[in-house]
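Listed here are the chains, written in short residue letters.
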Amino acid sequence: MVVLIVILLGVVSLSRLAIDLLPELEVPIVMAITSYEGAGPQEVERIVTEPIESQLSTLSGVKSIRSRSSAGSSMVIVEFEWGTNLDYITNEMREKIDLISSFFPDSVSKPMIVKMDVDMMPIMMIGVTSDQDLEKLKKIIEDKIKPRLERIEGVASVDIIGGKTREIQVEVDPSKLQAYNLTINDIVQIIRAENNNTPGGYVQQGTKDYLVRVTGEYENVRELEKVLIPLKTGGTIELGHLANIKDTYKEETMYSYLNGEPAIAITIQKQSGANTVEVSDKILATLEQVKKEVPGNLFIKIAMDQAEFIRLSINQVVSNAWKGALLAIIILFLFLRSIRSTMIIGIAIPISIITTFTLVYFGGLTLNMMTLGGLALGIGMMVDSAIVILENIYRHRQEGLGRLEAAKFGTAEVGMAVIASNLTTIVVFLPIAYVRGLASQIFRPFALTISFSLLASLLVALSFIPMLASKFMIVENNGNGNPKNFMQRLSKKWADFLRLVDRKYRSLLNWALGHRKTVIIITTLAFIFSVALIPLIGTEFIPAQDSGYFSVEIRLPNSTVLEETARVTEQIEKMIAEFPEIDALFVNIGSGTMGTTNSHSASITGRLLPLSQRTRGVEEIMDEIRQKTANIPGAEISVSAEGGAMISGSPIDVTVKGPDLDQLKIISDQIMEIVENVPGTREVTSSLTEGSPELSVKLDREKANKYGVTAYQVAQAVQTGLQGATASKFRTGGDEIDIKVLLPEENRKTIDNLNRLMVTSALGFNVPLEEVAEIQYKTGPQSITRIDQSRTVSVIADIFGRDLGSVMADIEREVSMIPLPAGYEIEYGGLNKEMVEAFTDLALALVLAIILVYMILAIQFDALLTPFIIMFSIPPTLIGVVLGLLLTGRTFNVVTFIGVIMLAGIVVNNAIVLVDYINTLRERGLERREAVLRGGQTRLRPILMTTLTTVLALIPLTLGIGEGAELSSPMATAVVFGLSFSTLITLVLIPVMYTILDDLSRKFKKRFKKPVDGETAIEGM
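Residues numbered from 1 in each chain as written. Predicted model: local features only at pLDDT ≥ 70, side-chain atom pairs only at ≥ 80, totals over all residues. Heavy atoms only, no water.

## Some details on the confidence of the model for the chain
Let me state the cut-off plainly: pLDDT measures the predictor's confidence residue by residue and takes values from 0 up to 100. By definition in these notes, contact holds between two residues if any of their heavy atoms fall within 4.5 Å.
On average, residues of the chain carry a pLDDT of 81, and 89% of them reach 70 or more. Within the model, pLDDT remains below 50 along residues 1013-1021, and this stretch shows 22 contacts once partners closer than five positions in the same chain are excluded.

## Describing the nonpolar core
Keep this limit in mind: Each nonpolar core is a collection of buried residues, namely Ala, Val, Leu, Ile, Met, Phe, Trp, Tyr and Cys, held together in the definition by side-chain atoms within 4.5 Å. Each residue gets one of three labels from its accessible area relative to the maximum for its type: buried under 20%, exposed over 50%, partly exposed in between, using a 1.4 Å probe on protein chains only. The way it works is that DSSP assigns letters per residue, a run of H or I at least four long becomes a helix, a run of E at least two long becomes a strand, and they are numbered from the N terminus.
Core analysis: the largest hydrophobic core is formed by 161 residues, its most contacted members being Leu 377, Phe 443, Phe 446, Ile 652, Ile 671, Ile 811 and Met 902. Sort the elements by how many residues they give to this core and helix 12 (residues 369-398) lands first, with 17 residues. Ignoring anything within four residues of it in the chain, the contact list for Met 902 reads Leu 377, Met 381, Val 428, Phe 429, Phe 446, Ile 450, Met 971 and Val 975.

## Points about the sheet that holds strand 25 (residues 735-742)
Quick reminder of the rule: One bridge is not enough; two strands pair if DSSP finds at least two bridges between them. With axes taken as lines fitted to C-alpha atoms, and helix axes fitted only over the stretch in contact, angles between N-to-C directions fall between 0 and 180 degrees.
On the basis of which strands lie adjacent, the open sheet formed by four strands has the order 12-7-25-24 and mixed pairing. Each edge of the open sheet carries a strand with a single partner, namely strand 12 (243-249) and strand 24 (725-732). On average, adjacent strands in this sheet sit at an angle of 25° to one another, irrespective of strand direction. In the packing of helix 6 (residues 184-194) onto the sheet, contacts are made with strand 7 (166-172), strand 24 and strand 25, and the angle to strand 24 comes to roughly 30°.

## What about the packing of aromatic side chains?
Using the following cut-off: Two rings belonging to Phe, Tyr or Trp (six-membered ring only in the last case) form a pair when the distance between their centres is within 6.5 Å. Interplanar angles under 30 degrees mark stacking, angles over 60 mark edge-to-face geometry, and anything in between is tilted. Remark: a charge is flagged as sitting over a ring if the NZ atom of Lys or the CZ atom of Arg is within 6 Å of the ring centre and within 35 degrees of the ring normal.
For the structure shown, the criterion picks out five aromatic pairs. Put simply, the rings of Phe 839, Phe 892 and Phe 897 touch in pairs and so form one group of aromatic residues. In this structure, Arg 939 is placed above the aromatic ring of Tyr 917, and the distance from its NZ or CZ to the ring centre is 4.3 Å.

## As for the pattern of salt bridges
Applied cut-off: Salt bridges are counted wherever a side-chain nitrogen of Lys or Arg sits within 4 Å of a carboxyl oxygen of Asp or Glu.
A full pass over the atoms with the stated rule returns 43 salt bridges. One salt bridge connects Asp 788 with Lys 657, and the closest N-O pair in it is separated by 3.8 Å. Of the two residues, Asp 788 sits in the loop between strand 29 (784-787) and strand 30 (790-799) while Lys 657 sits in strand 21 (residues 652-657), which places them 131 residues apart along the sequence. Ionic pairing is found between Arg 1002 and Asp 998, a salt bridge with its closest N-O pair at 3.4 Å. With a gap of four residues between them, Arg 1002 and Asp 998 both fall in helix 32 (residues 965-1008), about one helical turn apart.

## What about the sheet that holds strand 16 (residues 298-305)?
Taken in spatial order, the four strands make up an open sheet running 6-15-5-16, and their pairing is antiparallel. Edge strands, defined here as strands with exactly one partner in the open sheet, are strand 6 (155-161) and strand 16. Strand-to-strand twist of the sheet, defined as the mean angle between neighbouring strand axes without regard to direction, takes the value 20°. Where strand 6 and strand 15 (residues 264-270) come together, six bridges link them in antiparallel fashion. Note that in strand 15 the partner of Ile 160 across the bridge is Ile 266. Where helix 4 (residues 134-150) meets the sheet, its contacts fall on strand 5 (124-130), strand 6, strand 15 and strand 16, and the angle it forms with strand 6 comes to roughly 175°.

## Observations regarding the environment of Ala 526
With respect to the helices and strands, Ala 526 occurs in helix 17 (residues 516-533). Residues Ala 526 and Ile 879, 353 residues apart in the sequence, show an inter-C-alpha distance of 7.0 Å.

## Quick look at the environment of Ile 850
The topology assignment puts Ile 850 in helix 26 (residues 830-861). The exposure class of Ile 850 is partly exposed, given its relative accessible area of 29%. C-alpha of Ile 850 to C-alpha of Gly 905: the two residues are 55 residues apart in sequence and 7.8 Å apart in space. Residues contacting Ile 850, with those up to four places away along its chain left out, are Met 871, Ile 874 and Ala 904.

## Let's talk about helix 2 (residues 41-56)
Here is the rule we go by: The reported bend at a residue is simply the angle between two axes, fitted to the 7 residues ending at it and to the 7 residues beginning with it.
At Thr 49, helix 2 shows its maximal kink, close to 40°; a proline, Pro 51, follows between one and four residues later. Residues of helix 2 that are buried include every one of Pro 41, Val 44, Glu 45, Ile 47, Val 48, Thr 49, Ile 52, Glu 53 and Leu 56, and no others. Buried residues along helix 2 sit against strand 1 (29-35), strand 2 (62-70), strand 3 (73-80), helix 3 (86-101), strand 29 and strand 30.

Structure below.
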């Protein structure tokens, strides 16, 4: 009944668990964004940025303050320590800024406080093409698709990029305007005044009230041509005589293409806290319904879907988990050679997993790479306790005890050792809870899941396994007797082999006890050799994941027109389209940051074929793209992976701090040259970007006063003359179409046209712009970046083909030779800084974990020397970890470090079982050497079984095959090789150390007290 309740709870919990790639992270970054219209970067820095930085630097938990002062805007980014309460700190930031905002000039906007949210990035990008023109397609998307998507639970916003928008354009003839002494603004005001439906009140007639409405809205474009424009000299003239009125489309500032065909993009953001997979599933289902309902043939292609990589990664982890469980069960059968005994332990696996799901659900966790990865790693360890207990029960049954007595005595004999071994594994994760930083935030769910799985398996091993053994266990003949069929003959041969292994191990152990110095020397030399190999292992922060998506950002000189940007982008797109791994390419030309449009920039989002259908990873493909596009003149091209990334940021970030921008540029140029020459670096750029070319319209105050012209009138005339002005809306069929008044294209593209723009004077006549203002060529100012209230320039770069640690070592060596003037300093940030901080924190966690393991053992054995013997099983772990990483070509990273911390709790388990049984035999009167030999021989099989089940259960993860495997394979590699080598060495080293320390203990006791007659065990152990 209890088992049924546990299974029911687990199934219900599993059905309600949300699925995601990684645990929900609250990034501890808050931004203060302020605008200062008309101010240059230095003014913004002095008047806005510096006071805000000073105020925010007094907040508690501040890790760093970064700022960017640009023309007309200030952005201050405050990074706090992980774990900071951002709701509280955001309110405190508002209060701090309110104290100084009253001292800002009137043109400074109220600072906007924004928390950095990972949900700000779109979870899905959809490309839509059709056999209809782009205007009709966009209308279908706006009217039919977008509203349906916005109604989906969990969707925050839906944005449409590209397409054509209908517009009524009133192209006025500038010569006729001048002839009639009119301006564009005169035309705009008349259209705005004429095109109105205005309620006038109510009139009563009989028993009814009638609403009176003055209807003046245009019913068709012809009416717009008949609008009468009053002349300043008297009389009127029809608008049609002054302007060419066209029913056309808005000027395109952005182009979108899907696989080379004009398309419209839809980007979707999810609400904060919503589950990515659930939202994606609902979106895909809605799109399938919409395709059946809308007219025409819609071709919808998913250019990017974060949930796709999540699904593939989760499925891969689940697949590896059940494969590992199957391998573990096969090992059990080979050693136990009993279907019943194997089934008893095999049943413990699903019950433990189901119990773990229940604990995961009530622990507030989700199903993600960390929790499922922890479960996959824990599957092999789930059966360890059950193996030790069942093997001990089985041995006592062979010795003649009944089922019930063998179950009770066998469980009690090793019960405390099993509890201690599980506690030592669980306790190593406690320090991770106190480690600060990203590593702790990501791996805390992993640690909790493994702890939950081990607690569940311990409970099952101590209760369920003895119960099943007492009811169903049958003692086999162990291959003895006369075999009657092939399976029995095979079983006899396997039994003979296991007995041969037992004898060989006893002989090896006997030799080791007679050559203790040789064993110690060999082990020490192997340890020293492995330490010497450590520099050959590369280091990085967190392994990059192959999500199957990449992004190419293209930036041309700031003055580049949209058509030229489109030409260059098309050239790059054709290069990439030739790659056989490409599934889809979505091109967006004219896209800028934060939803803005920039004619000189573009982006290409690439979707690759599934990992199983290609031979190259996304990193290799991206590097070939870099090489093929490196020689395009004038283009800055950046290639990066999309989706699936655990963190964002540049691997290499070298920052120069100092007061003078010119000197900072000199130093940063030297650093750029160094970084570019270091093997493995890619896309080396500087934060000190070139200014934007611009034309400055400088008002001549004296002339302007004579003509009665103000700066505002000049600005309005320039803006309307170059961009046009939306005068009103033309309503038809429920749609609202802009009526835009503008000059013909040939009259608003040159500087001469700009000079001839007419400005309305307060004296009643119009003045050419060149009469009251001078047009000057300028280069727009650069933005000013600051870190911790100091001006900075950052050199950032990506890497390929080399590990981050090796690249940074080369860079730091060369950069250290640059002579720095007084007041200037160089700092290293980016992912390298995160890596160093994480390694420092995890090293502390490892030391604390080892101390906690020793404390648990000291409590368990009620002694200090016995735990000390057991702890000798930890150092040999390094030999396996180093060799494993070298053989597989993997790096030492945060994930690997977590595996090493795990090993500190796992590798002692075998030593616990071995030493505990040796002490038990000595307490029963056996001489020390015989107790060691018999204890080692007796515990050999359970030790090999527990090790092999753990190792083989992790083999699928170690191979690193499939989506998302990059995250778990380094950890599995460390555990597999570390545990394997530690076990092989422990089987010999621990008995040797047991006898050595026993001898030292005896000598110590003889020196300080008389020996006790009949003493057989190590006192105090």
